[in-house]
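A closer look at the structure
As a plain string of letters, each chain reads:
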Amino acid sequence: MASTSLARSGNDQSTLIVGESAHAEGVERILATFRAIPDERRVRLAKKTSNLFRARQSAPGPGLDTSGLTKVISVDPEARTADVQGMCTYEDLVDATLPFGLMPHVVPQLKTITLGGAVTGLGIEATSFALGLPHESVLEMDILTGTGEIVTARPGGSEREQTLYRGFPNSYGSLGYSLRLRITLVPVAEFVAVRHVRFNDIAELTKALDSAVTNEAYDGEEADFIDGVVFSDDEMYLSFGRMVSADEIGADARPSRYDGIGDKQAIYYRSLQHESGVATDVLRIRDYLWRWDTDWFWCSRAFGTQNPKVRKFWPQQLLRSSFYWKIIGLDHKYDLGNKIGALKGEGPRERVVQDVEVTIDRLPDFISWFLREVPIEPLWLCPLRLLDKGDSTTGGAGTGAGRPWPLYPLEAGTTYVNIGFWSSAPIEPGTSESAWNVRIEEEVSKLGGHKSLYSDAFYDEATFAALYGGEHADRLKAEFDPDGRFPTLYDKTVRAR
């Protein structure tokens, strides 16, 4: 279904696909900077942008030069694969593959998330109920390890290559950095027809979600995408997307856009809301994939850009998550939010920015607890099931039966629901500055869940080890970074080193 109409972007596809020669130059550049960093210094990437929410301690000296590793190397439309550089953003990756009628299995919600970042940090999106997590579509990857060696990790390789392939997801740069990834792609249609189904009770929603994930369909209609939003204990939605052709939507259809072009006041998450039953929508595939980026889900309201008067004059090119990140960076540096709050007579607030996962049977317990105890809304829901079955044929040596990815040990064959919430809450008198986050961590652990590590974490070392790989993480570190050139996973994600 190759169609240039699938990619509607200012990017010229020819500038996104660079070829093997340019990739080799980029690899030599990063290797040269690795060798130039003194042995006693920790190694970091020299990146201008990040989608991590935790602050990091500043590191002396230069970092690894990734400037030559930001593109797609090649796309093979017949094999449905792409070779992609580790620092390539999903925005560029999607623009390179859509003209072939293809997309990555999972396209995380924000345009500047990189493929390497999603694989080492566990991205997720509305295809994850059927197609798993981004690292599960990886056929092989070249990883720069702490020894300065580049290891091609793959599921069918040597035991060492298999071990790194399995251990790399959720390692967050503690084992190394991906330079090239070969991924499989899936066919797409030109449009996505969406049904937003309202529920007034979390138990009812959970039952419908469980059935939809199992059957990959809802109410007799196939689903290619499933996610949801909880606004309150009596207003919540599941959204079911199905890829459709131009013929199916009809010549008179006018697809919606939520990117600030056309109806600038259109905000995607507000389009879900209706009194009862089902609301429908149609988006072009690219607009659907980036439906959340324009307003960073709903977080743009913190910057005033959902105010119609502000939005009218806000530049369209700044309606995107990458610009909001710049504002967040200033807040991290200067604590602007609390300073502005103080001028208004408000007390300090704790940043509560997390994604957690619980099994679907515990979803009502967590949502009910959260809505009762934590003053934050809305919440995003995204179901997922591992594509990997965790058997010996997939290269799961040493990972344990049914838990094929040891640093984030989800059970194969189990439905989980990712719950995302990104805001702040007032620091209550007599509590610590991390009280809300710690309470949430404790509740998630109580329910047998996990949380993603892209944001602040407060676990003690023993609890962290029990949740994120423990002795297996230690063995991986000893094998691939014996001299500690990179921080440990605990140092990086909890101690912010």
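Computed from a predicted structure; not experimentally measured. (Residues numbered from 1 in each chain as written. Predicted model: local features only at pLDDT ≥ 70, side-chain atom pairs only at ≥ 80, totals over all residues. Heavy atoms only, no water.)

Counting its regular elements, the protein contains 18 helices and 18 strands. Taken across its 497 residues, the protein has 56% of its residues classed as buried. For the protein, restricting intrachain contacts to residue pairs at least 6 apart in sequence, the fraction spanning at least 24 positions comes to 76%. Carbon and sulfur atoms make up 50% of the accessible area of the protein, which totals about 20600 Å². (Helix = DSSP H or I, 4+ residues; strand = E, 2+ residues; numbered from the N terminus. Buried < 20%, exposed > 50% of the residue type's maximum accessible area, 1.4 Å probe, protein only. Contact = heavy atoms within 4.5 Å. Areas by Shrake-Rupley, 256 points an atom, 1.4 Å probe, with all protein chains shown as cover.)

A few words now on the pattern of salt bridges. Overall, the coordinates contain 33 salt bridges when judged by the stated rule. The salt bridge partner of R154 is E161, with a shortest N-O separation of 3.6 Å. Measuring nitrogen to oxygen at the nearest pair gives 3.3 Å for the salt bridge that ties R242 to E248. Residue R242 is classed as partly exposed on the basis of its relative accessible area, which comes to 22%. (Salt bridge = Lys/Arg side-chain N within 4 Å of Asp/Glu carboxyl O.)

Attention shifts here to the environment of R270. If you trace the backbone, R270 turns up in helix α9 (residues 268-271). Each C-alpha atom of the pair R270 and W298 lies 8.8 Å from the other, and the pair is 28 residues apart in sequence.

A few words on the sheet that holds strand β16 (residues 379-384). Two pairing modes exist for strands in a sheet, parallel and antiparallel, and in both the strands are linked by backbone hydrogen bonds. Taken together, eight strands build an open sheet; the order of strands is β14-β9-β13-β12-β16-β17-β15-β18 and the sheet is antiparallel. In this open sheet, the two edge strands, each paired with only one partner strand, are β14 (278-284) and β18 (450-451). The sheet contact formed by strand β9 (residues 191-199) and β14 spans seven bridges and is antiparallel. Bridge pairing in β14 links V197 to V278. Contacts from helix α7 (residues 202-215) reach β9, β12 (225-232), β13 (235-244), β16 and β17 (416-426) within the one sheet, and its direction differs from that of β13 by about 20 degrees. Of the strands in this sheet, β15 (349-359), β17 and β18 touch helix α15 (residues 435-446), which is tilted by about 10 degrees from β15. (Pairing = 2+ DSSP bridges. Axes fitted to C-alpha atoms, helices over the stretch in contact; angles between N-to-C directions.)

This next bit is on the packing of aromatic side chains. Geometry of an aromatic ring pair is reported as the spacing of the ring centres plus the angle between the planes. Inspection of every chain in the model, using the stated rule, returns 30 aromatic pairs. Geometrically, the ring pair formed by F231 and Y237 is edge-to-face, given 5.8 Å between the ring centres and 85 degrees between the ring planes. Of the two residues, F231 and Y237, neither departs from the other in class, the shared state being buried. Among the aromatic residues, those joined into a cluster by ring pairs are F231, Y237, Y258, Y268, Y269, W292, F297, W298, W380 and W422. Cation over ring: R291 sits above Y288, and NZ or CZ is 4.0 Å from the ring centre. Note that R485 overlies the ring of F34, its terminal NZ or CZ placed 5.1 Å from the centroid. (Phe/Tyr/Trp six-rings, centres within 6.5 Å; stacked < 30°, edge-to-face > 60°. Lys NZ or Arg CZ within 6 Å of the ring centre and 35° of its normal.)

For α7, with 14 residues, the first-to-last C-alpha span of 20 Å sits near the 20 Å given by 1.5 Å per residue. Buried within α7 we find I202, L205, T206, A208, L209, A212 and V213. All buried residues of α7 fall inside an arc of 170 degrees around its axis, so they share one side. Facing away from the buried side of α7, by more than 90 degrees, are the exposed residues K207, T214 and N215. Between the side-chain oxygen at the start of α7 and the backbone nitrogen of A203 there is a gap of 3.0 Å, and the oxygen is on D201. Once α7 finishes, E216 follows within two positions and takes phi at roughly 50 degrees, a positive value. (Expected span 1.5 Å × (residues − 1). Arc of directions from axis to C-beta. Polar contact = N/O pair within 3.5 Å; in protein donor to acceptor, adjacent residues only side chain to side chain.)

This brings us to the pairing of strand β4 (residues 81-85). With five of five residues buried, β4 lies mostly within the body of the structure. Judged from the four bridges that link them, strand β3 (residues 72-76) and β4 form a sheet pairing that is antiparallel. The residue of β4 that forms the bridge with V72 is V84. Sheet topology note: the β4/strand β8 (residues 176-187) ladder contains five bridges and is antiparallel. When the bridges of β8 are listed, T81 appears paired with T184.

Structurally, the position occupied by D227 is in strand β12. Of the polar contacts made by the side chain of D227, one reaches the side chain of R291; its length is 3.0 Å. Looking at D227, its side chain comes within polar contact range of the side chain of W380, at 3.1 Å. Once residues lying within four places of it in the same chain are set aside, the contact partners of D227 are A126, Y237, L238, S239, R291, W292, W380, L381 and P383.

A few words on the packing of helix α6 (residues 159-167) against helix α17 (residues 470-480). Where α6 contacts α17, the two axes come as close as 11 Å, and the packing angle between them is 125 degrees. When the axis of α6 is compared with that of α17, the two are oblique. You can see that α6 and α17 cross each other, and the crossing is left-handed. Contacts between α6 and α17 involve R160, T163, L164 and G167 from the former and L476, E479 and F480 from the latter. Of the residues in the contact of α6 with α17, the class split is three nonpolar, two polar and two charged. (Parallel < 35°, antiparallel > 145°, perpendicular 65-115°, else oblique. Left-handed = near helix turned anticlockwise from the far one by under 90°. Nonpolar A, V, L, I, M, F, W, Y, C, P; charged D, E, K, R; others polar.)

Glancing now at the confidence of the model for the protein. For residues with low pLDDT, the predicted coordinates do not support detailed interpretation. Confidence along the protein averages 90 in pLDDT terms, with 90% of residues attaining 70 or more. Contacts of residues 1-5 to residues separated by more than four positions or lying in other chains number 14 contacts, the stretch itself having pLDDT below 50. With pLDDT under 50 throughout, residues 392-399 is counted as low confidence; its partners more than four residues away or in other chains account for 14 contacts. (pLDDT = per-residue confidence, 0-100.)

Now for unusual backbone geometry. Residues E377 and P378 are joined by a peptide bond in cis, for which omega reads -5 degrees. Looking at the secondary structure, you find P378 in the loop between α14 (363-373) and β16. Unlike most non-glycine residues, L122 shows phi in positive territory, near 65 degrees. As for its position among the elements, L122 is in the loop between α4 (115-121) and α5 (128-131). Judged by its relative accessible area of 14%, L122 is buried. The phi angle at W296 is positive, at roughly 50 degrees, despite the residue not being glycine. If you trace the backbone, W296 turns up in the loop between α10 (285-289) and α11 (308-313). Using a relative accessible area of 6% as the deciding quantity, one classes W296 as buried.

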